Structure formats: structure tokens, C-alpha cells
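Structure assessment
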Amino acid sequence: MLCASRSDELVFFVNGRKVIERNVDPEGTLLTFLRKNLRLTGTKYACGRGGCGACTVMVSKHDSVSKKIRHFSVTACLMPICSLYGSAVTTVEGVGSIKTRLHPVQERIAKSHGTQCGFCTPGMVMSMYTLLRNHPQPSEEQLMEALGGNLCRCTGYRPIFESGRTFCMEANSCQQKGTGKCCLDWGENDSSPLGKKNEICTKLFAKEEFQPLDPTQELIFPPELLRMAENPEKQMLTFYGERVTWISPGTLKDLLELKAKHPKAPLVLGNTSLGPGMKSQGHFHPVLLSPARISELSMVTKTSDGLTIGAGCSLAQMQVILAERISELPEEKTQTYRALLKHLRSLAGQQIRNMASLGGHVMSRHCYSDLSPILAVGNSTLNLISAEGTRQIPLNEHFLAGLASADIEPEEILESVHIPHSQKWEFVSAFRQAQCQQNALPHVNAGMRVLFKGGTDSIEDLHIAYGGVGPATISAHRSCQQLLGRRWNELMLDEACRLLLDEVSLPGSAPGGRVEFKRTLVVSFLFKFYLEVLQELKKLDRRYSEISERFLSALEDFPVTIPQGVQTYQSVDPHQPLQDPVGRPIMHLSGLKHATGEAIFCDDIPMVDKELFMALMTSSRAHAKIRSIDVSKALELPGVIDVITAEDIPGINGAENDKLLAVDEVICVGQIICAVVAETDVQAKRATEKIKITYEDLEPVILTIKDAINHNSFLCPEKKLEQGNVEEAFEKVDQIVEGEVHVGGQEHFYMETQRVLVIPKTEDKELDIYVSTQDPAHVQVGFMNNRRIKALDIECFINGGCTLDDSELVTEFLILKLENAYKIRNLRFQGCACMTNLPSNTAFRGFGFPQGALVTESCITAVAAKCGLPPEKIREKNMYKAVDKTIYNQAFNPETLIRCWNECLDKSSFHSRRMQAEEFNKKNYWKKKGIAIIPMKFSVGFAATSYHQAAALVHIYTDGSVLVTHGGSELGQGIHTKMLQVASRELKIPMSYIHICETSTATVPNTIATAASIGADVNGRAVQDACQILLKRLEPIIKKHPEGTWEDWVEAAFEQRISLSATGYFRGYKAFMDWEKGVGDPFPYYVYGAACSEVEIDCLTGAHKKIRTDIIMDACCSLNPAIDIGQIEGSFIQGMGLYTTEELKYSPEGVLYSRSPDEYKIPTITDVPEEFNVSLMPSSYTPLTIYSSKGLGESGMFLGSSVFFAIADAVATVRRERGIAEDFMVQSPATPEWVRMACADRFTEMIPRDDPKTFKPWSIPIA
Ligand SMILES: Cc1cc2nc3c(=O)[nH]c(=O)nc-3n(C[C@H](O)[C@H](O)[C@H](O)COP(=O)(O)OP(=O)(O)OC[C@H]3O[C@@H](n4cnc5c(N)ncnc54)[C@H](O)[C@@H]3O)c2cc1C
Ligand code: FES
Ligand code: FES
């Protein structure tokens, strides 16, 4: 560390106000500064490493090169606070407020129903706001690009995009492009009339009411900063922290001298590589050099032979520079630029591209770098500079591998990168495959360049480089050399594949796993390049061989598409009073507060006096004896108050089999052993690193379901249901199929930070607690040749982890719900929860139904494949047809289920699209379409009456206002909004009179978990009850003065000493299940639905495109169609994630790798189906529930499987065409890896395969 003297002043602006910080800590980020120092908690803290966008803010800077103000979005969690010198920061609070003036972006995202939990909303607002500052009328493509780095776990993105679209130039265009018919006009195009025309609505918000965007109202760039930028001070700025010193030189000369003096000090540009390293990998740099004020690093020079881009240019600026050069030069010269631009579009999200620099990218030399392979094959050179002078080195494999002979010296810095033009007869391409299209690190990428001897197809120069297949970008130099002089034909291709697989060898144990997939991509990319070049050669000279029409589809990558769609619901009765909000698409009660950042989440609660922080120390072993815990070093650290172990707990340390803090033994990696309490969160965290725990490993270590079965390791007794005579039926059937279905686990991936704040009261030991709460299956199916399934025998095992938690309940629900929509006379369902040495698994949306029903639907698909029929035929044949008994003997009427199925077939034009897909598949070999329609019978509620009870407390105040409290938790699902709608209808007063009091056990005790889709239902009944009691008390007064106002009646009641407070209670729906007998009435009612999805897959990469999804859901009389459609869309996208991209990866030692948005991919905005239609089916009633509505919180999740089955359908087509046997082994999620490897071809055949016994894999499948 440098000798500490006085720090310079850090000057910047936040929301128009000047900030002067005299003691800034260089280790701090903008996010912590905003949240802790300025108390601006609208900017949220979620992943903390640039991957989710919740912390997005806008930074404005004067660009010293263009002399313009640049506004760009950044992730505040990676933005070093010291880097902001001379910048203006705008946060969501600076954009607008409900107290003063709402910004149109904030108003529109809330009113378009783009918020649910609201945690992602400020980040979304800031991404859109920044876009509008730069483009007041953006294109839809620009909007997609701006939102690509923001994750949302609730909404499914459609309504967020819709709100942004209202600013777009194309906003008024019809959503059903090119059909000549407006999608809002239901009529002849709509083959299935949903009822009378005027009963159907498609508008969820009134665009006409939105205030217009007025760019003149925005905050201006502070004149003081402008003056500072125009007369830049050249003096060095130094900020001293406790451990780190930040130096920002004003001139290049100073920078070079500093670099010579501190050769080990890194240069901080975007901090998107350094930052995560310091945060998560413990990298520490006592001195940081910031070249932010050195304009020489941002220079761009266009020369006759190429383009030189300053190392300090951001990747977003690089995109603009390349696009400009591409438009200026002939195509033959810009091959490398086009390839770079293609990868820049999908590299990270917009915020990261705005922050990350070209220099930082190249110098980080990440093995997955999307640009290095292209820069390397494009013969780029690095211009280096030091106090000694300048020199050039090639950006080649030696540099990328960090060989000392080809590397930059410690005192040198990278000034710029020179990228030469390409030439005629030269072709450059880039390839990339990631878990999903946007905001995902690539599994494998590649840059390829070939130069032919002019006028021939003879290879003069060839360069191929890969990323993701080794510790650095790898250049296939040897293979390329051997291919020089060869002609561009099939023979060359075969030879090249062989050479490449030999040179780019990847061991079976390679970090990151997916080894065979990566090997396959190495040759698949080459094949794509081969075809691309062949096509280009053909354009230059007609003599070269033609590519068969069927093969052409290999060439196109799936473009990012703009989601379109229609949401339909039944309008309210025209006679319903205007003030009655039930059935209307009312905005989420907290929507505006979410959009302005004024909603207070647990993590936003201001610090209390003497607040202490707790950090947890967890086990690094899956199964071990704790030999010793040494906390002495931790206790010596400043600020540390205590370390708490199990011995310090005065009462009960959790349950016998589920201890709060481990005692003597640990049973999974991540189990809590002890906790450090300190004055700050940083001190507490650092102290955990000083605790020494010694372990003695114990046997057995059980991680997988297979291990658990072998060791007879289960968490609870088996659950079983049986109907008919399965054994006898299997003897009589014509055919039997047997197989396995493996369904991976899913991370909840809450965007909201998990935090608990406990405030002890001085009296009576009271505590105020603020808390943010809330498989394989062995299968046998026997069926007749007439497609009727006679018997189904399913044995399910779930990996419950190390403790019971909800696993028994999940197993029960799984078994109860397995039959889904089908009536199969002879059934046997068995379920076991396996006990393993993994962190305990718990319930997710749908409680096992999305996993179990996938098994059932897979059986249907397997029977279809065996019969050679499309799966929908088997589904139809075996679906419930008439009133019948479920497996647990409950009477069931399938009428609405069948209606949903038929509506979905109609609305999606299923049959004609199935035929079109078949036609497409005949014409295309490398791309295939798949289509699937899935029915759903989803049981709502718990199998016990006591779990359906609910209470509410309603107060009427003398000014007429009403306060409602109920027992449901607002998780973003809109329960509070619905409760106000109920109170408004019951009390016959407008919603504006009614307020909600946050859920608290002090007002409504003994609340039941808000789960099983029943929350609004039961709490609504309790609110209704309370309101009816109150109204009954007011009735005599109202009768006496019918002309009076609500306020008059309330006042009169008070005068007459009538209580204006009432408790409402709902005793619950009758529900029970007798597991001994296997019969019951476990669920109060069902939600029915159907979804049809169509996809297209790329057989060479495993990527897929979602073409269209149509959902029909029976919501009966929706309490709030906007909220219900939001729940359906959000859960559908979540389900789609479960079945396609979300993959938990565990090491062979039981360590979970997939712990951040880098490694665990939930859907992004680009994953929304290109056409996404949702219809609430009208004219259905259920007398049981409040106003005949239905709970829709979870059911949509399973409908996401329609995308899975559409992918499986496309894969099955490939396998049939290639004569590959249909074995019944289903794997979810259908990741690109699974799709690619299932589409076996000559490339999958040529890759080397490892004997599993010869290596230790990087990860193991636990299900
Ligand atoms: C959420 C997220 C998603 C991402 N997704 C992708 C992706 O899809 N594909 C991909 O390829 N990459 C991806 N990245 C990586 C990203 O491209 C790099 O982190 C980024 O380019 C590094 O640039 P930086 O300016 O932030 O570097 P910094 O973190 O500021 O610096 C990185 C290193 O470069 C050195 N350095 C910087 N400039 C110079 C210079 N001029 N001379 C000498 N040394 C220098 C520094 O000393 C430091 O060691 C992602 C990163 C994040 C955080
Ligand atoms: S919290 Fe900053 S990107 Fe996730
Ligand atoms: S509303 Fe987006 S994460 Fe909840």
C-alpha cells in the first residue's frame, strides 16, 4: 500500500446534486455508495456481479474525443465509486417520484402491468430511461437490446416490453404482422368464437391515458461538470482507502510512469473482469490505476489497411465504430468487422457492453472471450506503450495463452488494437453457442478465416480459433497448416474435422463439463463455416458446387425476434357499477412505487441504532465429522463482536434432523456451522474467512438418486396410489414401453435479496422481525394397438437433499397429480423422497406437479412414438371424456378440460401448423420444426381443510377510509390488489378509499403459508366476511338515510357507538386424503388449461427458437385479468426455464457450481416466444370460490412443458429421418447440449468418446 496521505476530493453528481466525497473507499462500488451513503435504495442489490441488471443506473459523461455528452446504462454493483469522478449519475429516484412527478417510463411500466414483485423494476426503468435519453423514439430492436441485460423472475417480460413499446416508432403497427388483418379485430380470422363479440377484451391498459414523453423535462448534464470536462485538470487524483489506493493520472505520461512504478497494479476500465474477481475469487490489488481521463486510449483511427481502436473504448462504442465502418467500406473488406459485430450483439447485456473496454476484454484473456478468436484469426495486432516507447505484438494464440515470449511487459499498457481489413477471396465467420441466446457466456465459440488463391478454391491461408475448449482461446494452427493448398470440398472438410478433433483435444474431466457437446461443436461450427464459404464462392464464381436446398438452413442463425401477441379475457357485465373493480384489469397496487423505487424491500429498511451484521460460515464438505472450530483469528479482527456456534444457542437448535447450526457433523456442503456478528457486513464477511474448521470425512457420501436407492436412504415412507389391477392389465395389453424420465432441479432464483432484520425491543423480550419469506422415474406403460393406454406404472424418486423440509408434501402432491388429464383404468404411482448429502431441496411453484406431469406426458409421447402416431392423438384418446373418478376416487367432470383443449387446438390452428411444420421438415435437413399441445388439469389447494383457513381484519375510520389486513403475503402476485377489489365490491365504495396494511402476525395471527394457488381465494373470503359484517352493522343507518354518503353513514355509526372494526374468517374448503386407503377429496377445485408451442431447432448447435405459444386457461371469472394473465405468462416462462435452460450443476464432491446468473440461466427477454397469445376462457363458473374466480398462481408453470415437447418433437423428427431408434429416455431440461447430442449425425459420430471409468467428470447428474 502507498503511504497514506490526504485523499483528493471525489466530485460527481447524483440526480442533479453535487457529491463531494473526501474519504472515499476505493474498494466501494457505486451501488453501496447509493444505498448506504445516500440512502437511495431504489437501486437494488441482487447478484452483485453484473449479471441481473437490478442495479442499473444511468451514467452521463462528457466524451473528450467526440466532445459530446454520453448517456449510458451501467450495473452499479460493478462500478467502482472512484471511477465516477466528473460523471453525473441518474438513479430511479432522479427519474421521477409518486410524490412529485412520475416519469412516463415509470407510469407506463406500472400501468402496463410490468411489475409483480417489483424488485427488477427500477433496473428495467433505468435501462429504458437511458435508451430514451439517447433515442426518444427507439426501434423495437433497440428496446430489446436495451433490456437484454435485465432479468425478471416474475412477469415473463411481455408486459415490460409492451410498456417500452409504447415509446417505439412502430408502436402503432398491428401485432399480427403481414396478415392484413388486425389482431384486435376478433372475427372471421378467429375460427373459434370465444363467446359474444362484445364479451371479449384484448386491452389490458389504456395507452391513450399515458402522459407523453417530453425530452425537454429531463435533468440536464451539470454545467459544472461540463466546465470541468472542457478544461480538464491534468493533475493526478489519488484516493486512499484502508487497504487499497486508487490513482487516476491526468496524462498518458503520468500513467506510464505510474505503471513503471507499480508494475503489478491493474488498470481499471470497466471493472467487469477485475470486479467479479475481487468479489468472488478473493483477488486483491493494493493499488489500482484508472486511465479513465486519458483520451489517447479512446482514439479511433481509420487507415487504408484497417481500423485501430483505442483500448479504452467500450464494447458498445466498438459496436458503433464497426457498424459505421461496415457501412462505409465494400463487403469484402469488412468480413472481420461483421464477425466481431455479430458476437458483440450477444456478448453480455447492454450495461456490461457499456462498461467493458476493448483493452480490458483482450487483456483479461478469458477462455470464453467472444472477441479474441475473431481478433486472432483476423491477424489483429496490439499496440503497446510504456515509458520506454511503443511496440506492436500480434494478438495470437501465444499472447492469448500468456506465453512470456509473446506477452505484454508488466510496465507496458495496451494502447489500441489494430484490426486489418479483409480482402477479396477472403472470408471470416464467427460462431457461438450458449445456454440461451442473450446474456449467457458461450459454451464454445469460434473465429474462422480462409483466404483463397485469387480466382480459385485453393486454400492459401487458413486460421481457426476456438474459445471455451481449454484454459485460453485455442488456435488450431497445426491443422490449418496441413490444409493449405487443399481445395474447398467435402474431402477437405472430412480431413479438417479429423485434424481439428486431434488438435483441439478436450479431456473428459475438463472444467465446465459438457465435453462431448463441446467436441461436437468444434466440428459442427467448421461444417457451418464450410457451407458459408461454399455459398460465398458460388456467388463469386458459378463453377463452384451448389449447396443442396435442404442443407441451406444450416447457414442461418436464429435472429433475436420481437415478441408479439394478444391477451384475451372476458369483460365484466356491462351492468356492473363503474366503481366496482372486480373483474377489471386493475394495476398492481404497488406498481407505481416499484417503478419509482419507493417500494421498501427488506434490504432497504434504514439502519437502526447499533445495528449489527451476521455472516454465515458454512461447511465445505458433503459428509464429515467436525473435528475442531477455531474462531480465534476471526475474533481478533476489528469490529467483530462474537462468533456464534451451536453451543451458544440457549433454546432448541432447530429440529432433531434439521439443525440450525451443525453439531459435531455436517451432512451437506453449505450447511451452516457458525455465524460471525460484526459491526459491518464487510467485517463480518471477512471474519468468516479467518475461521478454521477441521473435518474428518465420513462415508457414505450420497449425492445421486441412484446412490440413495443403493443405500436405502430415504427421508420419509413411500407414498403410493393404485387403481384397477396393474399386473393383470400388463398381461393383457398389446404392447409395453418402458423407460426413464430425468427431470433436473430448479433454483428459485428470487431477484429479491434474502435478508432478515431483527430488532430487539427493550421491554418484555419482544422482537420485531422483518423477513423476506415466503428425478428420475422408472416408468412402464402398457397400451393397446387402438392407442388406448390400459395400464401405467410409475415409480418416482426425488432428490430431497439432506433434510426432510417439504419433500414429503412434494412427494404426496406429485403422486396425487401425476395422472394429469388422463383416465387410465389401471394405475400405480409410487413416490419416494431420497435422502442425500446435498443441501435440502424444497418446494417450488407447482409443488412437484410440473415435474410429475412431465413424466406422464413423456409416457404419452413414448406410446405415440411406438405407435408411429403424433402424440396429440394419444393424448386425445386417453383424456378424461366424461364424469369419472380420479385415482384417489374423487368425482371429476372433464367438461372444461375438454373445452380448453379444443379451444387451444382451434386458436393455435394446430392441425394446419402441424402440416406446415412437416412440410418445412421435409425441405430442411439441418433445421427442424416441432409442435406440441399439452392439456392440463391442475388441482388447487392443500389436501387438508385446516390449510385453507384464513382471517382478515378490516377497520373503517371516521373519515371514511378503510384499512384492510389479511393473512396472505404479497409476493408480487397481486394479492393485496385483489383484496382491495374484494373490499371495494363488498363495501360498495371506490378502491381509492381502501388501504392495505402490510401482513403482520400482530394483526392477523396464525396465518397459513401463501401457497398452492389458494392465497387470494381464501383470504378474499375472509376479507369478504369482515366487510359483510361491517356492512350489516351499517345497514340500518343506510336504510334510514339512503341518500347519504359513505362518509355520512360512517360518521353516524360512530355517533351511535357502532364498532367499525371487524374480523373476517374463512374456515376453509373441505379437503382430506386418506393415504392408507388411497382415497380422498384432496383438492377443492381444478384449474384447466392447454398450451400449444412451436419451435425450430438447429441440429448442428442444439439452439432453438420459440416460434409461437398459445395458452388457453380457464380462470372462470377472473378477479383481475391483468394480474391473472401476468401470473400465467410469468409462470409459463418460469416453466420454460425449468424445462429448457435452468440446469443445476454439482461437483462429484457435492458442491453446487451453478450459483450465480453467470452459471445458471433463467430465461431472458429474448426467450419470450415470438408470438405469445394468452386467453382466459370465458363462460365457466365455479360456485365454490369467491366471485367464481380461480387461483392461477402456479398452473402456468407446467404449460412451459409445451416448449419442451415441441423441442422433443423436432428432435424425434430428426431421429426418425436418420433412422435412429426411439429409446424411451427423457431428459429435462432440453438444453442445447441435450438437443445437439440427441440429433446424432456424422459429427457426433466422429468425436472421441471417453470411457467413464477412466476420468473424474467435472460434474455429476444428481437426478
Ligand atoms: C455479466 C457479464 C457477462 C459477460 N458476458 C460475456 C460474454 O458473453 N462474452 C464475453 O466474451 N465476455 C463476457 N464478459 C466478460 C467481459 O467481456 C469482460 O469482463 C470485459 O470485456 C473486460 O473489460 P473491462 O474493461 O471491464 O476490464 P477490467 O475488469 O477493467 O480489466 C480487466 C483486466 O484488463 C487489464 N487491462 C485493462 N485495460 C488494459 C490496458 N489498456 N492495458 C493493459 N491492461 C489492461 C486490467 O489490468 C485487468 O487486469 C462478461 C462479463 C460480465 C461481468
Ligand atoms: S446486482 Fe448488479 S447486476 Fe445484479
Ligand atoms: S417483477 Fe421482475 S423480478 Fe419480480
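Here the structure is shown first, and the text comes after it.
What you see is a predicted model, and the numbers here were worked out from it, not measured in a lab. (Residues numbered from 1 in each chain as written. Chains lettered and ligands numbered in written order. Predicted model: local features only at pLDDT ≥ 70, side-chain atom pairs only at ≥ 80, totals over all residues. Heavy atoms only, no water.)

Before going further, it helps to spend a moment on the overall build of the chain. Scanning the chain for helices and strands turns up 36 helices and 47 strands. For the C-alpha atoms alone, the extent of the chain along its principal axes is close to 95 × 75 × 70 Å. Taking all 1263 residues of the chain together, the buried fraction comes to 60%. Carbon together with sulfur atoms contributes 52% to the accessible area of the chain, which is approximately 50,400 Å² in total. (Helix = DSSP H or I, 4+ residues; strand = E, 2+ residues; numbered from the N terminus. Buried < 20%, exposed > 50% of the residue type's maximum accessible area, 1.4 Å probe, protein only. Areas by Shrake-Rupley, 256 points an atom, 1.4 Å probe, with all protein chains shown as cover.)

This part is about helix 32 (residues 1121-1140). Look at helix 32: 28 Å from first C-alpha to last across 20 residues, which is about the 28 Å you get at 1.5 Å a residue. Counting buried residues in helix 32 gives 20 out of 20 residues, a clear majority hidden from the surface. Sitting at the head of helix 32, Asn1120 places a side-chain oxygen 3.1 Å from the backbone nitrogen of Ala1122. (Expected span 1.5 Å × (residues − 1). Polar contact = N/O pair within 3.5 Å; in protein donor to acceptor, adjacent residues only side chain to side chain.)

Under the definition given, this model contains 34 aromatic pairs. Ring geometry for Phe452 versus Trp488: centroids 5.5 Å apart, planes at 90°, classification edge-to-face. Remark: Trp488 occurs in the loop between helix 16 (477-483) and helix 17 (490-503) and Phe452 occurs in strand 16 (residues 442-452); sequence separation between them is 36 residues. Judged by its relative accessible area of 3%, Trp488 falls in the buried class. Ring centres of Phe1066 and Tyr1069 lie 5.1 Å apart, and the angle between their planes is 75°; this geometry places the pair in the edge-to-face category. Each member of the pair, Phe1066 together with Tyr1069, is buried. Joined through ring pairs, the aromatic side chains of Phe427, Phe452, Trp488, Phe527, Phe529, Tyr530, Phe551, Tyr925, Trp926 and Phe1243 make up one cluster. Positioned over the ring face of Phe72 is Arg70, at 4.4 Å from the centre of the ring. (Phe/Tyr/Trp six-rings, centres within 6.5 Å; stacked < 30°, edge-to-face > 60°. Lys NZ or Arg CZ within 6 Å of the ring centre and 35° of its normal.)

The next thing to look at is the side chain of Asn1019. Position of Asn1019 among the secondary structure elements: in helix 30 (residues 1015-1040). Within the structure, the side chain of Asn1019 is placed 3.4 Å from the backbone nitrogen of Gly968, a separation counted as a polar contact. When residues no more than four places from it in sequence are discounted, the contact partners of Asn1019 are Ala950, Ala951, His966, Gly967, Gly968, Ile975 and Met979. (Contact = heavy atoms within 4.5 Å.)

Our focus in this paragraph is the side chain of Lys518. With respect to the helices, strands and loops of the structure, Lys518 is situated in helix 18 (residues 515-540). An unpaired buried charge is present at Lys518: no salt bridge exists, and Glu1233, the closest side chain of opposite charge, is 9.2 Å distant. Excluding residues that lie within four positions of it along the chain, Lys518 makes contacts with His443, Val444, Gly468, Val469, Leu506, Pro511, Gly512 and Gly513. (Lys, Arg positive; Asp, Glu negative; His and termini not counted. Salt bridge = Lys/Arg side-chain N within 4 Å of Asp/Glu carboxyl O.)

All right, on to unusual backbone geometry then. Of all residues except glycine, most have a negative phi; of all peptide bonds, most are trans. Here the bond from Glu699 into Pro700 is cis, since omega is -10°, no more than 30 degrees from zero. Mapped onto the elements of the fold, Pro700 is located in the loop between strand 27 (692-697) and helix 22 (705-710). The residue after Ser1228, namely Pro1229, is reached through a cis peptide bond having omega 5°. Position of Pro1229 relative to the elements: it lies in the loop between strand 47 (1225-1228) and helix 35 (1232-1238). Phi at Arg787 takes a positive value of approximately 75°, unusual for a residue other than glycine. Along the chain, Arg787 falls in the loop between strand 32 (777-783) and strand 33 (789-799). According to the relative accessible area criterion, Arg787 is partly exposed, its value standing at 26%. Of note in the backbone geometry, Asn820 takes a positive phi value of approximately 45° without being a glycine.

What follows deals with the sheet that holds strand 13 (residues 389-394). By way of backbone hydrogen bonds, the strands of a sheet pair with one another, either parallel or antiparallel. Across the sheet, which stays open at both edges, the five strands sit in the order 10-11-14-12-13 with antiparallel pairing between neighbours. Whereas interior strands pair on both sides, the edge strands pair on one side only; in this sheet they are strand 10 (300-302) and strand 13. Strand-to-strand twist across the sheet, computed as the mean angle between neighbouring axes with direction ignored, equals 20°. Here strand 10 pairs with strand 11 (residues 306-310) via three bridges, running antiparallel. Residue Lys302 lies in a different strand from strand 11, and its bridge partner there is Leu307. Most of the contacts of helix 8 (residues 252-261) go to strand 14 (residues 413-420), to which it runs at about 115°, and overall it touches strand 12 (381-386) and strand 14. Sitting on the sheet, helix 10 (residues 315-328) is in contact with strand 10, strand 11 and strand 14, with an inclination near 165° to strand 11. (Pairing = 2+ DSSP bridges. Axes fitted to C-alpha atoms, helices over the stretch in contact; angles between N-to-C directions.)

A word on the pattern of salt bridges. All chains considered together, the criterion is met by 75 salt bridges. With its nearest N and O atoms 2.9 Å apart, the salt bridge here joins Arg519 to Asp1250. Using a relative accessible area of 6% as the deciding quantity, one classes Arg519 as buried. Residue class for Asp1250 comes out partly exposed when judged on its relative accessible area of 28%.

Time to look at the site of ligand 1. Lining the immediate surroundings of ligand 1 are 32 residues, of which Leu269, Thr272, Leu274, Ser357 and Asp370 lie closest. One of the backbone N or O atoms of Leu267 is found 2.9 Å from an oxygen atom in ligand 1. Between ligand 1 and His361 there is a distance of 2.9 Å, counted from an oxygen atom to a side-chain nitrogen or oxygen. Expressed as a share of its isolated accessible area of 980 Å², the protein-covered part of ligand 1 is 92%. Every element with two or more residues in the shell around ligand 1 is listed here: helix 13 (358-364) and strand 14. Considering only residue class, the shell around ligand 1 consists of 17 nonpolar, twelve polar and three charged. (Near = heavy atom within 4 Å. Nonpolar A, V, L, I, M, F, W, Y, C, P; charged D, E, K, R; others polar.)

Now for the pairing of strand 39 (residues 962-966). Where a strand is regular, its side chains alternate between the two sheet faces. Within strand 39, five of the five residues are buried, which leaves it mostly tucked inside the rest of the structure. Going residue by residue along strand 39, you find Val962, Val964 and His966 tucked away on one face and Leu963 and Thr965 tucked away on the opposite face as well. Note that strand 38 (residues 950-956) and strand 39 share five bridges and pair antiparallel. Along strand 39, the bridge assignment pairs Ile956 with Val962. Hairpin connection from strand 38 to strand 39: five residues lie between these consecutive antiparallel strands, with Gly960 at a positive phi of about 95°. Relative to strand 40 (residues 994-996), strand 39 runs parallel, the two sharing three bridges. When the sheet's bridge partners are listed, Leu963 is paired in strand 40 with His995.

Time to look at the sheet that holds strand 38. One open sheet accounts for four strands, arranged 40-39-38-41; its pairing is mixed. Looking at the sheet topology across the chains shown, the edges are occupied by strand 40 and strand 41 (1061-1066). Sheet twist, expressed as the average angle between the axes of neighbouring strands with direction ignored, equals 20°. Across six bridges, strand 38 lies against strand 41 in antiparallel orientation. By the bridge assignment, Ala952 is partnered in strand 41 with Gly1064.

Applying the stated criterion across every chain, the model contains zero disulfides. Unpaired in terms of disulfides, Cys802 finds its nearest cysteine sulfur in Cys668, a separation of 3.7 Å. You can see Cys1027 has no disulfide; the closest cysteine sulfur is in Cys997, sitting 15 Å from it. For Cys1027, a relative accessible area of 0% gives the class buried. (Disulfide = S-S within 2.5 Å.)

Glancing now at the environment of Gln351. In this structure, Gln351 sits in helix 12 (residues 350-355). Separated by 203 residues in sequence, Gln351 and Gly148 place their C-alpha atoms 9.0 Å apart.

Below, the discussion takes up helix 17. Taking 1.5 Å as the rise per residue, helix 17 with 14 residues should run 20 Å; its terminal C-alpha atoms sit 20 Å apart, in good agreement. Burial in helix 17 covers these residues: Met492, Leu493, Ala496, Cys497, Leu499, Leu500, Leu501 and Glu503.

Glancing now at a negative patch on the surface. Taken together, the side chains of Asp642, Glu647, Asp648, Asp664 and Glu665 present a region of like negative charge at the surface. Here Asp648 is to be found in the loop between strand 22 (640-644) and strand 23 (654-655). (Patch = residues over 30% accessible without salt bridge, like charges linked within 9 Å, V, L, I, M, F, W, Y side chains within 5 Å. Charge placed at Lys NZ, Arg CZ, Asp CG, Glu CD.)

One can describe the packing of helix 5 (residues 140-147) onto helix 6 (residues 158-165) by two numbers: an axis separation of 10 Å at closest approach and a directional angle of 130°. Comparing the axis directions of helix 5 and helix 6 gives the class oblique. Considering the relative orientation of helix 5 and helix 6, their crossing is right-handed. Across the interface between the two elements, Glu140, Leu143, Met144 and Leu147 from helix 5 touch Ile160, Phe161, Gly164 and Arg165 from helix 6. Each residue belonging to the contact of helix 5 with helix 6 can be placed in one class, and the counts come to five nonpolar, one polar and two charged. (Parallel < 35°, antiparallel > 145°, perpendicular 65-115°, else oblique. Left-handed = near helix turned anticlockwise from the far one by under 90°.)

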